[in-house]
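Structural features, examined
What follows is the residue order along each chain.
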There are 2 protein chains.
Amino acid sequence: MADRTGGLWAWLAAVAMVVFAVVPAHAEDGYELWMRYDADPAAKVALAARIGEVRSEEGADASIVVAMAELRRATSGLSADTDRATLLGTAASPAIAALRLPLDRVGEDGFILRSMTLDGRPTTVIAANRPVGVLYGAFHLLRLAQTGGLADRIDVIERPRVGLRLLNHWDNLDRTVERGYSGQSIWDWWKLPGHADPRYTDYARANASIGINGTVLNNVNASADSLTAAWIAKAARVADVLRPYGIRVYLSARWSAPVELKETATADPLDPAVAAWWNAKADEIYRAIPDFGGFLVKANSEGQPGPQDYGRSHADGANMLAAAVKPHGGIVMWRAFVYSETDPEDRAKQAYSEFRPLDGVFADNVIVQVKNGPIDFQPREPFHPLFGAMPKTPLMIEFQITKEYLGFATHLAYLAPMWEEVLVADTHTRGPGTTVAKVVEGAVDRHRLTGMAGVANIGSDRNWSGSIFDQANWYAFGRMAWSGSATAQDIAREWIAQTFSRDLAVVAPVEAMMMASREAVVDYMTPLGLTHLMATGHHYGPGPWVSDLARPEWNPVYYHRADGDGIGFDRTRGGSNAVAQYAPPVARRFADRRTVGDEYLLWFHRVGWDETLASGRSLWGELVHRYDRGVAGVGDMRRRWAALEGRIDAERHGEVRDFLAIQEKEAMWWRDASIAYFADVSGRALPAGTRAPARSLDEYKAISHPHAPGHH
Amino acid sequence: MADRTGGLWAWLAAVAMVVFAVVPAHAEDGYELWMRYDADPAAKVALAARIGEVRSEEGADASIVVAMAELRRATSGLSADTDRATLLGTAASPAIAALRLPLDRVGEDGFILRSMTLDGRPTTVIAANRPVGVLYGAFHLLRLAQTGGLADRIDVIERPRVGLRLLNHWDNLDRTVERGYSGQSIWDWWKLPGHADPRYTDYARANASIGINGTVLNNVNASADSLTAAWIAKAARVADVLRPYGIRVYLSARWSAPVELKETATADPLDPAVAAWWNAKADEIYRAIPDFGGFLVKANSEGQPGPQDYGRSHADGANMLAAAVKPHGGIVMWRAFVYSETDPEDRAKQAYSEFRPLDGVFADNVIVQVKNGPIDFQPREPFHPLFGAMPKTPLMIEFQITKEYLGFATHLAYLAPMWEEVLVADTHTRGPGTTVAKVVEGAVDRHRLTGMAGVANIGSDRNWSGSIFDQANWYAFGRMAWSGSATAQDIAREWIAQTFSRDLAVVAPVEAMMMASREAVVDYMTPLGLTHLMATGHHYGPGPWVSDLARPEWNPVYYHRADGDGIGFDRTRGGSNAVAQYAPPVARRFADRRTVGDEYLLWFHRVGWDETLASGRSLWGELVHRYDRGVAGVGDMRRRWAALEGRIDAERHGEVRDFLAIQEKEAMWWRDASIAYFADVSGRALPAGTRAPARSLDEYKAISHPHAPGHH
């Protein structure tokens, strides 16, 4: 080295040492999610060279601005010595219009990424019909780069499978989150509208990066206060932050709000004063939030008020609200998650019974939001029979990203395989191939409104989702709402590459963990089609013995029906006949013990303890086997993860390691408590070679969790 | 530059650019508190040169390990080319023992920092009697470096003013925080003991850096569940993290815990079964936490159970608990914050009346914890009359760091001047100069137990305290508990230097803001000795009109007593005679309108609206003047802060800017609502030239905050 540069060299080296030493202190806490870009300077320099000069003729548009900023962030503002360029824009830009790209194929939100030579410069074009599509394209380009999929020449055309890609926050106004396991609500209502936490911007970035374009800010069990002027101002400030990222704000509406706010005497949807109140309220909201998305409503469900309180139907209620937002371009999402307080009918049948007769009655800016299964976000449910059964009504599917029934944040369960299982299920409602996905995509009945909603797992925790692996569920929800072709496995792989490493030595074991994780949870919680076996209230841990709750369908014993002879809920013609709500080919498959499959066996059938299953084991033996398999599955995950020590940064590795230890202990608890109970109720001895539960049934029954999170 | 190094140069420059570009993304969110060390590489290199080789013969001790690690962190591990060294240790280390330092002068927690030449090397010695003292010394060295006070040769001897320097967390087991305005509890109980958030370590570092040596983990309004085996295990895991930092864990004990846990039939302290239960419970806790500090108790206060429920005294209760922890070296901190549900006596007098007769009756491991003033953490109160009045009983002072009554996290109020005002107050109980500080330091009556408690303002918010400036209150509490000589102003200055900048252009205006801030709050909330004027429940915003609460002393009207003639609480001989609880010279000063001073005027006196004050204004005119002055003071802070744009990083500058805007708006609200009310009740017109309130009194009365934080 030349002497005269030595001092400067030493200084620079010192700077580099200092800075590198400082960076890791809090860089590995998960805050960056899947948008870590490359920590490796060489890769960053290469990406900067590839992106080159970032150009657009629409630099005045807020979405184009953030798209350009994201490309610069990914390359840390490095301007590499290159003649390459990236050109962003819509057809409103002459430079893009001149390219005559097939933008008619990408719809409102899609984009085209194409390598072209413009004025002699190798250029990556990111084009779309709207600025937000350009933003999605920029994020897709960065995703390709991060996952190693950025070929030297690219030609990508993407458009999303559904139009409404929404998060549902079950966030209360006091900042608690119902069924939230990642701290408080990220909405710091108290400081709004005066202060908008910079974190809202990172929330918007993360969501836009996976195509999410709307967010319902408050809990479906809504407070009337969320519709007061003070709260509209708070929502408006959030909307201002989210707008450049193409994310519209929606609110959950409490049906009885005008009465509770003492501004009307009734909430009867056919009362003109009520309609007038909602019209004026919609006007007020749209003055503050010109692109307000609309209302989400949980009505006449689990104690919530609704139009039935006045002898009116769900459609009467939805249509009245829809009329209020229609002049502003808003929509109403009306939830079909209902079951009666008095109806003795099988709970799994009630939503179908109540909503199917309303098909064709809803206004054209109403979409009915249906949970993936007929009960309530259990580890495994068959698809909801409403899918395909309301052809004249757009239906959006509601998934739960937060893991109310799958172990909260400390159990690792990658949910995309569960969602995929539902989406690929064939409803047969218009012949074979009428999958739930096609119904939801609106392809079957050509609906204008289409959508997927995910109950958010986002909170104030530094890592956003309560655990690193729960970030994958947020990510996967967005990617599945966008892409009709990416599988759960594809999505796992791209998430791992962006979150941990592209090294196959990391990707392969982590992918194996993720892909097996949900099935392990099913095995140690609700094997063989059992469901709703959890403890009361907080829904954490086993409670198959619970039988003393006020309503029959709140009790686990209602669902498993175990006694000395057998176990399972007969939903065939001889039982509740819930199978009849499915199209005949599906109904036949579910109704037949030979074709239903072990995964839904006890959901649809009552089976004797000693009957032999396909495995050759008795039902009782198979049940115990599955519980053991679930525990073993968690053990496998622990071992795989332990072997990754040193390949994953210490902070994230340590968190996952701790959580897997908790999960294994609790999988054992589920297994032991459930086996102890079913042995007792069945009067069966444990199969030979089975490890006995560690504690007595009474001891398991005595376990309580008085301060569990998410239960408000 | 030499050509052959050009490529490497470019690479290094690129690396530096990348890294510098990445660092600021989330580096300025306040997480690093006052431990930012030097972002400036040159200063870091200089500090590394000064510290040199870090040596100790006690590298096996956990506290020495963290002390050495902190020195390395401050210099980012740079080993500078220097022959200097830093030698750490206790007299157990031969190298330290050989120096014959006057360690007899520093007590258990103090330290000596001394520049010496050892074996020909310029060495900074950090010596103490216990490893934790060495840790405090290391932090002090770094504080000197960060504040520009590290002279080339140093000779510092420090010992703390009190032995117990404790945080009181009012944290509930469901992770809510009573009177918490910075998110949830940092204790993620649900994940404990399986997972200890890495943040606990940073909590420990921050507290150790300012000398805090104990923390009460749970709310004084305690749940019995905190004493179950499950929760003891959680507390033990936290204790394991805190131990190397010299921080002992304490728990708040619910008096009725054994009854609520169904393990005893009574909680009578004189019942042997009750004493046996607590003995066994203490044994159980000490098995899990060998250095457990002891119990904090709020008994027979605001509805909490206590020994008086069984006809026993506070001393009966405290002594029974004290006996349980005594064999293990534990203590009991018994709160004197009591007022009766039935006693019609002036609330300000009740704690004194109840506790003074118990002087000399408490066991020797009991310390009575007394709030700084006789009511409840109001913006200004005279010192509590118990200080100096219980010579045979050690008293620790309780300050509230969280700002329940001073505007939560969005109002800037530096509390150290308020605490200082109380500490320097002269009780005259043993003649002139018997300050509250001397009483608390145990110097007056030579008590072994001495302490200060601060109700923590720490939560899960990224910035720990809800706002950047509230970090200063945490910092100042620790520093005041340690140092008997540092003034509120000294502490503000050192906090600013470490948190923002050593540049006088920053320090001077920020110091001016801080030092004026609390007085501004007094002016716009409770001027002239008024007190307890806030809205009900959440305690946010004005509510001087509130008169309908169940107990008289819950109502603001109880405190201000305004009517058409005058305002104020007569606590002279002609009134409640609360002045008589103070030593005669103090009582005389407070009782005399001419000597009481405007700041306590209406605390002790009832004054006619038209009476003339020292200012020459009428009382009514002065009241309005003070409200206006408070609002103007916030305006001053806003202007000073706005002028610092560009000198403070954008993220922290923006947060403070937003909060000051909120504060100014709300100071105006306090001023307007209070003036509207007092004008109404007094029947006085506004003084000439006074701006009329923006809204009507009824409108102010109608303001509600149904989802305010901290109110559980």
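Shown above is the structure to which this text applies.
Here's a quick rundown of the structure. The shown structure was predicted, so the numbers you read here are calculated from the model rather than taken from an experiment.

What follows is about the packing of aromatic side chains. Inspection of every chain in the model, using the stated rule, returns 78 aromatic pairs over all chains. Both rings, one in Tyr136 of chain A and one in Trp482 of chain A, keep their centres 5.0 Å apart while their planes meet at 70°; by these two values the pair is edge-to-face. Remark: Trp482 of chain A occurs in helix α15 (residues 468-482) and Tyr136 of chain A occurs in helix α6 (residues 131-146); sequence separation between them is 346 residues. Plain terms: the ring middles of Tyr286 of chain A and Phe292 of chain A are 5.4 Å apart, the flat faces sit at 80° to each other, and that makes the pair edge-to-face. Each member of the pair, Tyr286 of chain A as well as Phe292 of chain A, is classed as buried. One aromatic cluster is present, formed by Tyr31, Trp34, Trp464, Trp474 and Tyr475 of chain A through successive ring pairs. Geometry around Trp231 of chain B places Lys234 of chain B over its ring, the cationic atom sitting 4.9 Å from the centre.

All names here are of chain B. Relative to the elements of secondary structure, Glu108 occurs in the loop between α5 (94-97) and β3 (111-118). Of the residues examined, Glu108 reaches a relative accessible area of 57% and is grouped as exposed. Once the C-alpha coordinates of Glu108 and Pro160 are considered, the two residues, 52 residues apart in sequence, prove to be 9.2 Å apart.

Residues and elements named next belong to chain A. Strand order in this closed barrel of eight strands is β6-β7-β8-β9-β10-β11-β12-β13, and the pairing throughout is parallel. Averaged over all neighbouring strand pairs, the angle between strand axes comes to 25°, with direction disregarded. Bridge count between strand β9 (residues 294-297) and strand β10 (residues 331-335): four bridges; the pairing is parallel. By the bridge assignment for β10, Val297 is matched with Trp334. Its contacts with the sheet put helix α8 (residues 229-242) on β7 (214-216) and β8 (248-252), and the angle it makes with β8 is roughly 150°.

Another aspect to go through is helix α22 (residues 650-682) of chain A. Between its terminal C-alpha atoms α22 of chain A stretches 47 Å, which fits the 48 Å expected from 33 residues at 1.5 Å a residue. Among the residues trailing α22 of chain A, Gly683 of chain A stands out with phi positive, at a value near 70°.

This part covers the pairing of strand β12 (residues 395-400) of chain B. Side-chain positions along a regular strand alternate between the two faces of the sheet. All names here are of chain B. When you tally the buried positions in β12, you get six out of six residues, the bulk of the element. Direction of pairing for strand β11 (residues 366-371) relative to β12: parallel, over a ladder of four bridges. The residue of β12 that forms the bridge with Val370 is Ile397. Examined bridge by bridge, β12 and strand β13 (residues 451-455) share four bridges and lie parallel to one another. Bridge pairing links Ile397 to Met452 in β13.

Attention now goes to the packing of helix α16 (residues 488-499) of chain A against helix α17 (residues 504-525) of chain A. All names here are of chain A. The N-to-C vectors of α16 and α17 enclose an angle of 135°; their axes lie 10 Å apart at closest approach. Comparing their axes, α17 and α16 come out oblique. α17 is crossed by α16, and the crossing has right-handed handedness. Here Ala488, Gln489, Ala492, Arg493, Trp495 and Ile496 of α16 come into contact with α17, specifically with Val506, Val507, Val510, Glu511, Met514 and Met515. Here the residues of the contact of α16 with α17 sort into nine nonpolar, one polar and two charged.

The rules behind these values
Residues numbered from 1 in each chain as written. Chains lettered and ligands numbered in written order. Predicted model: local features only at pLDDT ≥ 70, side-chain atom pairs only at ≥ 80, totals over all residues. Heavy atoms only, no water. Phe/Tyr/Trp six-rings, centres within 6.5 Å; stacked < 30°, edge-to-face > 60°. Helix = DSSP H or I, 4+ residues; strand = E, 2+ residues; numbered from the N terminus. Buried < 20%, exposed > 50% of the residue type's maximum accessible area, 1.4 Å probe, protein only. Lys NZ or Arg CZ within 6 Å of the ring centre and 35° of its normal. Pairing = 2+ DSSP bridges. Axes fitted to C-alpha atoms, helices over the stretch in contact; angles between N-to-C directions. Contact = heavy atoms within 4.5 Å. Expected span 1.5 Å × (residues − 1). Parallel < 35°, antiparallel > 145°, perpendicular 65-115°, else oblique. Left-handed = near helix turned anticlockwise from the far one by under 90°. Nonpolar A, V, L, I, M, F, W, Y, C, P; charged D, E, K, R; others polar.

Shape is all these values report; function is a separate question.
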